[in-house]
Amino acid sequence: MQGNDGMDHTASAPMLLMEKRFSEQSVFLPENLLREARRQKNLPAEPVPEICVLDPDGDLQSHLRGTGRATKCQGWACYHTELDVFDEGGTSFGVVGRAVGAPFAVLVAEQLFASGCRLLISVTSAGQIAATGPTNYFVLIDQALRDEGTSYHYLPPSDLSEADKALADGAFACLSDLPITVLRGLVWTTDAPYRETE
């Protein structure tokens, strides 16, 4: 069967996995959306901190606001979220709360990188699949089993998405000095939590 794009769609792979052009420039750029949002909202074109945190549960952002440590970033032009800035040990951080779900989190991440972010940390909670030891602990994710989400638009199909080894090794070395338990491991993503079977 030939589609409107002139491509043959009779192959066995689902359309989601077919004909991705990973090296081509997107026609919808975050810079363009941000420029228009700044124009419409009359916002200054100021960069966000170089280190930002996605806080899907919103706990960190709520705590920072509640203790008076958060300042709203006046130049953040995302239509859907608010970015707060806080200082820790002389370093400025940005935090965006409640960016839940892979497609939305990726939209926000793309806009953060287009606005000056160079390192993005995502902090969230998850249930255990297999016991690793007594809770509470943190997990530095270095591999993710690819299920639903947006990642097939960024990378060719594969079973796993893997973190940059040098970056993960460096982060893990830094985290090992903390007075909390930090493990390193594999996770999976899904957009259907109520459809998981044993």
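What this report covers is the structure whose coordinates are included nearby. Only a predicted model underlies this, so the values are computations on that prediction, with no experimental measurement involved.

Procedures and definitions
Every chain is numbered independently, its residues counted from 1 as its sequence is written. Note on the predicted model: pLDDT of at least 70 is required for a residue's local features to be given, and 80 or more for side-chain atom pairs to be given and counted; whole-chain, interface and lining totals, by contrast, use all residues. By convention in this description, side-chain values take in all heavy atoms of the structure and omit both hydrogens and water. Numbered from the N terminus, helices here are DSSP runs of H or I no shorter than four residues, and strands are runs of E no shorter than two. Exposed residues in this analysis have more than 50% of their type's maximum accessible area, buried residues have under 20%, and partly exposed residues fall in between, with area computed by a 1.4 Å probe over protein chains only. Contact criterion: two residues are considered in contact whenever any of their non-hydrogen atoms come within 4.5 Å of each other. Surface exposure here means Shrake-Rupley accessible area, sampled with a 1.4 Å probe, where a residue is shielded only by the protein chains that are shown. The pairing test for Phe, Tyr and Trp rings, Trp by its six-membered ring, is centres within 6.5 Å, and the orientation test on the planes gives stacked under 30 degrees, edge-to-face over 60, and tilted for anything in between. In this text, buried Ala, Val, Leu, Ile, Met, Phe, Trp, Tyr and Cys residues form a nonpolar core when linked through side-chain atoms within 4.5 Å. The pairing criterion for strands is at least two bridges between them, as found by DSSP. Note on geometry: axes are C-alpha line fits, over the in-contact stretch for helices, and angles between N-to-C directions span 0 to 180 degrees.

Looking at the overall build of the protein chain
So, step 1. What the protein chain contains, in helices and strands, is four helices and eight strands.
So, step 2. Moving toward the C terminus, one meets the helices and strands of the protein chain in the order α-β-α-β-β-β-α-β-β-β-α-β.
So, step 3. Projected onto the principal axes, the alpha-carbon positions of the protein chain cover approximately 60 × 50 × 35 Å.
So, step 4. Expressed as a percentage of the 198 residues in the protein chain, the buried residues total 24%.
So, step 5. Across the protein chain, contacts joining residues at least 24 apart in sequence account for 63% of those joining residues at least 6 apart.
So, step 6. Roughly 13,500 Å² of accessible area belongs to the protein chain as shown, and the carbon and sulfur atoms make up 55% of that amount.

Remarks on the packing of aromatic side chains
So, step 1. A complete count under the given rule lists one aromatic pair for this structure.
So, step 2. A ring pair is formed by F86 and F93, whose centres lie 5.4 Å apart and whose planes are at 15°; its orientation type is stacked.
So, step 3. Exposure remark for F86: the relative accessible area of 9% places this residue in the buried category.
So, step 4. Given a relative accessible area of 17%, F93 falls into the buried group.

Things to note about the nonpolar core
A general feature of soluble globular proteins is that nonpolar side chains tend to end up buried together.
So, step 1. Counting residues in each nonpolar core, the largest one holds 13 residues, and the members touching the most others are V48, L54, W76, L83, V108 and L112.
So, step 2. Elements that contribute at least two residues to this core include exactly strand 1 (51-55) and helix 3 (102-114).
So, step 3. Here this core takes three residues from helix 3, the largest share from any one element.
So, step 4. One finds V53, L64, F86 and F93 within the second-largest nonpolar core, a separate group that totals five residues.

A closer look at the sheet that holds strand 7 (residues 160-162)
So, step 1. Taken in spatial order, the three strands of this open sheet run 7-6-8, and their pairing is mixed. Each edge of the sheet is formed by a strand with only one pairing partner; in this case those strands are strand 7 and strand 8 (182-188). Between one strand and the next, the sheet's axes are offset by a mean angle of 40°, whatever the strand orientation.
So, step 2. When strand 6 (residues 138-145) meets strand 8, the two strands line up parallel, connected through seven bridges. Across the sheet, the residue bridging to A144 is V187, located in strand 8.
So, step 3. Packing against the sheet, helix 4 (residues 165-175) makes contact with strand 6 and strand 8, and its axis sits at approximately 140° to strand 8.

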